[in-house]
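Overview (structure and organization)
Below are the chains, spelled out letter by letter.
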Amino acid sequence: MAKIHLKTTKKRAEKEIKKSKNLIELNQIFKRYLGKQGKVSQILGSLAKMSEKKRLKMSKEANELKAFLILELDAKTQEIKEEVRKSAEEAEWVDITIPGKKPVFGHLHPLTQTKKKIEEIFQSMGFSVIDGPEIETEWYNFDALNIPKDHPARDMWDTFYLKTGLLLRTHTSPVQVRYIERRNPPLKIIVPGRIFRHEATDASHEINFYQVEGLMLDKEVSVANFKAVIEEFFKKFFEKDINIRLRPSYFPFTEPSFEIDLSCPICSGKECSVCKQTGWIEIMGSGMIHPNVLKNSGLNPRNWQGFAFGMGLDRLTMIKYKINDIRLFYSGDLRFLNQF
Ligand code: DAH
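Residues numbered from 1 in each chain as written. Predicted model: local features only at pLDDT ≥ 70, side-chain atom pairs only at ≥ 80, totals over all residues. Heavy atoms only, no water.

So, about the domain arrangement of the chain. Domains assigned within the chain are domain 1 (2-92) and domain 2 (111-337). On a C-alpha basis, the centres of domain 1 and domain 2 stand 92 Å from each other. (Domains from an automatic or database assignment.)

Spelled out as C-alpha cells, the structure:
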C-alpha cells in the first residue's frame, strides 16, 4: 500500500514538474512534496510506526524519491531560467548592422544666418557687436539724433508709440548715442537689431524687421575710410567683387549724407530683375556723423569725427538669396525655411 503510495506520488510530482511554467510554480511543487508538511516528508515521518524490515525498505525508497525530486526540480529550474534568459535576450536584441536613423537637424533662420555672417565680417575688421533696447525714448530715437519734434523728417519713420510715452524704436540709430555716451572713442561698432515701423505690409514692407547700424568714431575718420570698410564688407558678404557708389542724400543725423548703391551681385551689373534692369541696388543710408549727434552724446565735435551707416538685414538677405517677399521671413512656413 505504502509502495503504491510512493509510486503515485512520484508520478504525480514528475508530471507537475514537467508542466510547471515558472519558478513560483516550481517552488509550490517543492513545498508540496519536500517542504516540512510535504508528502515525502510525511512519508518519512511515518516510518517510525513500521516494522523494521518495512521501515528500512521504505526509508530507502522515500529517500531515493526525495533525491530524485530534488534533481528533477533542479533541472526544471535551470530550464526555466534559461528560457527566461533567452526570451529576454530576444526582446532586447538589436541588429547593429541596420543603418542608423538620420536625426533631423534644425538650422538657423536665414535672418540669423545673415546676422552671424555680418557680425563675423565686421569683427574681422575690428568692430564690436553691440545691443540696444527695442523700446526706446523719444530722446534717443529722435531728438538726440537731431530730429526735433516738429521737424518734418520725423515723417520718415512711422512710429508705434506706447501709452507710457515710450516708443518701439524705428531704427537702430539710437544705439549710436547710447553707446557713445558710455564709452570713450575711438569706437568701432555694429548694432544688429529688430526695429518697428507703423506701416501697411506688402512684399517689401513689414511692421518689424532688422537693421544693422554701423559706427566708426576717431580723431580723423573720412568718407574714404567708410568707402573702404563698406566695400570690403560687401565683397565678403556676397563673396564676389562688388562696387559701390555714393549718392548725396539726406538724414538728419549725418552731414554729408549718402545713399549707398551696390553693383548688382546677381547679374554683376549686366541688369536683371533684382536690380530692376539698372545694374545697381540701393542698399543703405550713411554719412558723416552730424556734430549735433556728437554733442548730444557728450562729445566735442571739434575733437571727434566719424561715419555711420544703417542697412536692412532683411533686404540684404533677400538680395543674397533672391527672395521676393519680406513677409516670408516671419511666416514660419517650413517650406520656405527648409531651403536654407
Ligand atoms: N536710421 C536710418 C533709417 O532707418 C538709416 C541710417 C541712415 C542710419 C544713415 C545711419 C545713417 O547711421 O548714417 O532709415
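Moving on, we get to the side chain of Glu119. Mapped onto the elements, Glu119 comes out in helix 5 (residues 110-124). When its relative accessible area of 15% is taken as the criterion, Glu119 is described as buried. Glu119 has contacts with Val129, Ile190 and Pro192, leaving out every residue within four places of it along the chain. (Helix = DSSP H or I, 4+ residues; strand = E, 2+ residues; numbered from the N terminus. Buried < 20%, exposed > 50% of the residue type's maximum accessible area, 1.4 Å probe, protein only. Contact = heavy atoms within 4.5 Å.)

The next subject is helix 4 (residues 52-92). Between its terminal C-alpha atoms helix 4 stretches 59 Å, which fits the 60 Å expected from 41 residues at 1.5 Å a residue. Looking at helix 4, one finds that the buried residues are Met58, Ala62, Leu65, Leu69, Leu73, Lys76, Thr77 and Ile80. (Expected span 1.5 Å × (residues − 1).)

By size, the foremost hydrophobic cluster in this structure holds 45 residues, and its most contacted members are Phe122, Phe233 and Phe234. Apart from the residues lying within four places of it in its own chain, the contact partners of Phe233 are Ile118, Ile121, Phe122, Met125, Met311 and Leu316. Core analysis: the second largest hydrophobic core is formed by 26 residues, Tyr140, Leu145, Leu187 and Ile289 among them. (Core = buried A, V, L, I, M, F, W, Y, C linked by side-chain atoms within 4.5 Å.)

Near the ligand, the surroundings consist of 16 residues, among which His171, Ser173, Arg197, Gln211 and Glu213 are the closest. Gln176 places a polar side-chain atom, nitrogen or oxygen, 3.0 Å from an oxygen atom of the ligand. Here Phe309 contributes a backbone N or O atom positioned 3.3 Å from an oxygen atom of the ligand. Notes on the ligand: free accessible area 350 Å², of which the protein chains cover 93%. (Near = heavy atom within 4 Å. Polar contact = N/O pair within 3.5 Å; in protein donor to acceptor, adjacent residues only side chain to side chain. Areas by Shrake-Rupley, 256 points an atom, 1.4 Å probe, with all protein chains shown as cover.)

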